[in-house]
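Overview (structure and organization)
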Amino acid sequence: MFFFHPRFMFDQAKAVQQDFNLLVHRVSQDREFLTGCLRSVIKVDNFTAGLFNIYEQVQEEGVAQPIRLGIYRSDYLLGSTSKTGVGDDTSQNTATGQLQIKQTEINTIAVTGAGFGEKIAHLHKHVLRLLGLTDMNKNIPDNRALDQNVDGLIAAWEQYGSKNSLMFLKYFVFQIVNSNLFVFKLSLRAIIVFVVEEERCGRVFNQRLMEFTIMERNPSITVKRYDLRQIEEEGELKPDKTLFIRGSEVAVVYFRVGYSPEHYPTSKEWSARLKMERSRAIKVPCIAYHLAGTKKVQQELAQPGVLERFLDDPKVVGRVRATFAGQYTLEMGLEGDKTVQMATTNPQDYIMKPQREGGGNNIFGEDIRTLLNKLGDSEERTAYVVMDRIHPAIVPNYHIKAGQETKLLRSFYELGIFGVFMADGDRVIHNKQTGHYMRTKDSSATDEGIDSGISVMDSPYLV
């Protein structure tokens, strides 16, 4: 059902999203910083090393497409990082100032939930109307996450067409070559490609909502779905870096895969990723945005004085830093050794994170001690970071699942705030907070989500 949420904390999470959008962009442009962050990780983590190798090759060759589009989701828990937690009474803890919004992570690739988040808000408002409680609808915030995230993809398609049209028009004017008029028209029919898993994947439904909304909003756009292997076998990179797949020019590549080692079972998948990154298609995200969202980069950004490298306004720095939980390095040396001692002494107070996305990867409790003892003084520990465990506020809530009895469970929630950012080099074209996505979880859960059946979709009820 609904999760009662302090309005000012919801507003806080929304207000800082544009700051995070800009932060990711600026981090992505700082090659020295990215390289320094990931230097140890890529020695022991083959997957991150593969991504970084693509990044390095693109940097050395020269970035073919300066326009970058990011669709992000920043995830938060309402709770405390104190070792005692916040207990079960949300209203009491709010009054005593214990509750805070703390970021669990920012996702920069294949973010999901925009379509579902928008529709669940409509559903909950409909239920209130059926119950004769229409006045309560004002406490459920409007959510246009699907529409506004799609706006970003459409804007990228338009930017690609506009840039290419100007280039071809200049060529037509100065070279007086009539045949270029055909090329000009072709660029306006370029497609958007969703890079996906096989069609049997359960994530297809959220993807289809975005796909259909794009084509409804702009019938001139065609969206095609290809997996990495198809792109490698049927995609062609022209000498001018234009990407064609099955004869269609590609304007925008939207990654819904590519964030996990299992997405690259052979060299063909890696070759496909490199082919797209080398192309003039606008990537969502480009490889630099992908790497800027790794756990190691997020851990480094949480260190004192680092945000100031990328954000000029002290008020912005303060807003962003206020959402951070403590994060600690496992680099070889005194600081890393200190983290190991801290995490093995009180593992219940921390989370250990590898450089992975998609849920189900984090290590909790006694498993932290077991893993760190196993790793010992090996450099393999540098593939992980350690974060303070956020102790979420626990409240009773109903979980409604198809084919199952409705249950009242001790629950906590995770709030995702979406952002869309587009820039051409240093010139910012779009920077927006675009909506939200709330998941309510059984309090016995760790980091599993909707796809695993642990969580249910929800709406914040602002108080």
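As a reminder, the structure under discussion sits directly above these lines.
Residues numbered from 1 in each chain as written. Predicted model: local features only at pLDDT ≥ 70, side-chain atom pairs only at ≥ 80, totals over all residues. Heavy atoms only, no water.

1. Some thoughts on the overall build of the protein chain
Counted only if it meets this: Every helix listed is a DSSP run of H or I at least four residues long, and every strand listed is a run of E at least two residues long, numbered separately from the N terminus. Burial classification: accessible surface area is computed with a 1.4 Å probe over protein chains only, and a residue below 20% of its type maximum counts as buried, one above 50% as exposed, and the rest as partly exposed. Whether two residues are in contact is decided by their heavy atoms, any of which lying within 4.5 Å being enough.
Looking only at helices and strands, the protein chain features 17 helices and 18 strands. Counting the 463 residues in the protein chain, one finds 54% classified as buried. Within the protein chain, residue pairs in contact and separated by at least 24 positions form 75% of the contacts whose partners lie at least 6 positions apart.

2. Some words on the packing of aromatic side chains
As a reminder of what qualifies: Here is the rule: rings of Phe, Tyr and Trp (six-membered ring for Trp) pair when centre to centre is within 6.5 Å. Planes less than 30 degrees apart are stacked, more than 60 are edge-to-face, and the remainder are tilted.
Applying the stated criterion to the full structure yields nine aromatic pairs. Seen from their ring centres, F194 and Y254 are 5.0 Å apart, and the 80° between their planes marks the pair as edge-to-face. Within this pair, whereas F194 is found in strand 4 (residues 191–195), its partner Y254 is found in strand 8 (residues 248–255), the two being separated by 60 residues in sequence. With a centroid separation of 6.1 Å and 80° between ring planes, the pair formed by Y328 and Y350 is classed as edge-to-face.

3. Some remarks on the packing of helix 5 (residues 46–61) against helix 12 (residues 267–278)
In plain terms, the rule: To define axes, lines are fitted to C-alpha atoms, for helices over the stretch in contact only, and angles between the resulting N-to-C directions are given on a 0 to 180 degree scale. Each angle receives one of four descriptions, namely roughly parallel if under 35 degrees, roughly antiparallel if over 145, roughly perpendicular if within 65 to 115, and oblique otherwise. Helix crossings fall into two classes, left-handed where the near helix is turned counterclockwise from the far one by less than a right angle and right-handed where it is turned clockwise. Side-chain classes are defined by residue name, with Ala, Val, Leu, Ile, Met, Phe, Trp, Tyr, Cys and Pro counting as nonpolar, Asp, Glu, Lys and Arg as charged, and the others, Gly among them, as polar.
Where helix 5 meets helix 12, the closest approach of the two axes is 10 Å, and the angle between their N-to-C directions is 30°. The angle between the axes of helix 5 and helix 12 places the two elements in the roughly parallel class. The two elements helix 5 and helix 12 cross, and the hand of that crossing is right-handed. Contacts between helix 5 and helix 12 involve F47, G50, L51, I54, Q57, V58 and E61 from the former and W270, R273, L274, E277 and R278 from the latter. A per-class count over the contact of helix 5 with helix 12 returns six nonpolar, two polar and four charged.

4. So, the pairing of strand 11 (residues 350–354)
The criterion, for reference: A strand pair is defined by DSSP finding two or more bridges across the two strands.
Burial within strand 11 is extensive, with five of its five residues counted as buried. Side chains Y350, M352 and P354 of strand 11 all project onto a buried face; the interleaved residues I351 and K353 project onto the opposite face, where all are buried too. Taken together, the five bridges between strand 11 and strand 13 (residues 384–388) define a ladder with antiparallel strand orientation. If you follow P354 over to strand 13, its bridge partner there is Y384. Relative to strand 12 (residues 363–364), strand 11 is paired through two bridges, and the arrangement is antiparallel. What sits directly across from I351, in strand 12, is F364.

5. As for unusual backbone geometry
Of note, the bond from V284 into P285 is cis; its omega dihedral lies within 30 degrees of zero at 5°. Topologically, P285 is positioned in the loop between strand 9 (282–284) and helix 13 (287–292). Of note, the phi angle at K241 is positive, near 75°, even though the residue is not glycine. Mapping K241 onto the fold places it in the loop between strand 6 (235–237) and strand 7 (243–245). The class of K241 is buried, set by a relative accessible area of 19%.

6. Quick notes on the sheet that holds strand 11
Across the sheet, four strands lie side by side as 10-13-11-12; this open sheet has antiparallel pairing. Of all the strands in the sheet, the pair left with one neighbour each is strand 10 (327–328) and strand 12.

7. Focus on helix 12
For an α-helix, 3.6 residues make a turn, and residues three or four places apart therefore share a direction. We count it as follows: Helix span, as expected, comes to 1.5 Å for every residue beyond the first. Polar contacts, as used here, are pairs of N or O atoms within 3.5 Å; protein pairs need one atom able to donate a hydrogen and one able to accept it. Residues neighboring in sequence count only if both atoms are side-chain atoms.
Taking 1.5 Å per residue, 12 residues should reach 16 Å; helix 12 reaches 16 Å between its end C-alpha atoms and fits that length. Turning to helix 12, its buried residues are E269, A272, R273, L274, K275, M276 and E277. Its side-chain oxygen placed 3.2 Å from the backbone nitrogen of K268, T266 serves as the N-cap of helix 12.

8. Quick word on the nonpolar core
The condition that has to hold: Think of a nonpolar core as a cluster: buried Ala, Val, Leu, Ile, Met, Phe, Trp, Tyr and Cys residues, connected wherever their side-chain atoms sit within 4.5 Å.
Membership of the largest hydrophobic core comes to 70 residues, with the highest contact counts inside it found for L23, V27, V195, L301 and V320. Broken down by element, the residue count for this core peaks at six residues, all from helix 5. Of all hydrophobic cores here, the second largest spans 31 residues; its members include A190, V223, V252 and M422.

9. So, helix 15 (residues 314–321)
What counts is decided by this rule: The directions from the helix axis to the C-beta atoms form the arc being described.
All of the buried residues in helix 15 are V316, V317 and V320. Buried residues along helix 15 cover an arc of 100° about the axis, so they all sit on one side. Exposed side chains of helix 15 directed beyond 90 degrees from the buried face belong to P314 and K315. The inward-facing, buried residues of helix 15 contact helix 2 (17–28). Its side-chain oxygen 2.9 Å from the backbone nitrogen of K315, D313 forms the N-cap of helix 15.

10. Here's the deal with the environment of R319
Note on placement: R319 falls in helix 15. With 300 residues separating them in the primary sequence, R319 and D19 have C-alpha atoms 8.3 Å apart. Residue contacts for R319: discarding those within four places in its chain leaves V16 and D19. Among the polar contacts made by the side chain of R319, one reaches the side chain of D19 at a distance of 2.9 Å.

11. Concerning the side chain of H25
Assignment of secondary structure puts H25 in helix 2. In this view, H25 contacts R68, Y289, F421, A423 and G425; residues no more than four positions away in its chain are not counted.

12. Looking at the pairing of strand 4
Most of strand 4 sits out of view: five of its five residues are buried. Residues I191, V193 and V195 of strand 4 are buried on one face, and the alternating residues I192 and F194, pointing to the opposite face, are buried as well. Bridge count for strand 4 against strand 5 (residues 223–226) is four bridges, and the pairing is parallel. In the strand pairing of strand 5, I192 is matched with V223.

13. Details of the side chain of E249
Under the convention used in this document: Asp and Glu count as negative and Lys and Arg as positive, but His and the ends of the chain are not part of the count. Between Lys or Arg on one side and Asp or Glu on the other, a salt bridge is scored when a side-chain nitrogen of the former is within 4 Å of a carboxyl oxygen of the latter.
By the secondary structure assignment, E249 is in strand 8. Buried charge E249 goes without a salt bridge, the closest partner of opposite sign being R280 at 4.6 Å. Of note is the side chain of E249, whose polar atom sits 2.5 Å from the side chain of Y160.

14. Structural notes on the environment of R309
Inspection of the secondary structure assignment puts R309 in the loop between helix 14 (295–301) and helix 15. Residue classification places R309 among the partly exposed residues on the basis of a relative accessible area of 44%. Counting along the chain gives 286 residues from R309 to L23, while the straight-line C-alpha distance between them is 9.8 Å. Once residues lying within four places of it in the same chain are set aside, the contact partners of R309 are D30, E32 and F33. Here the side chain of R309 touches D30 through a polar contact of 2.9 Å, side chain to side chain.

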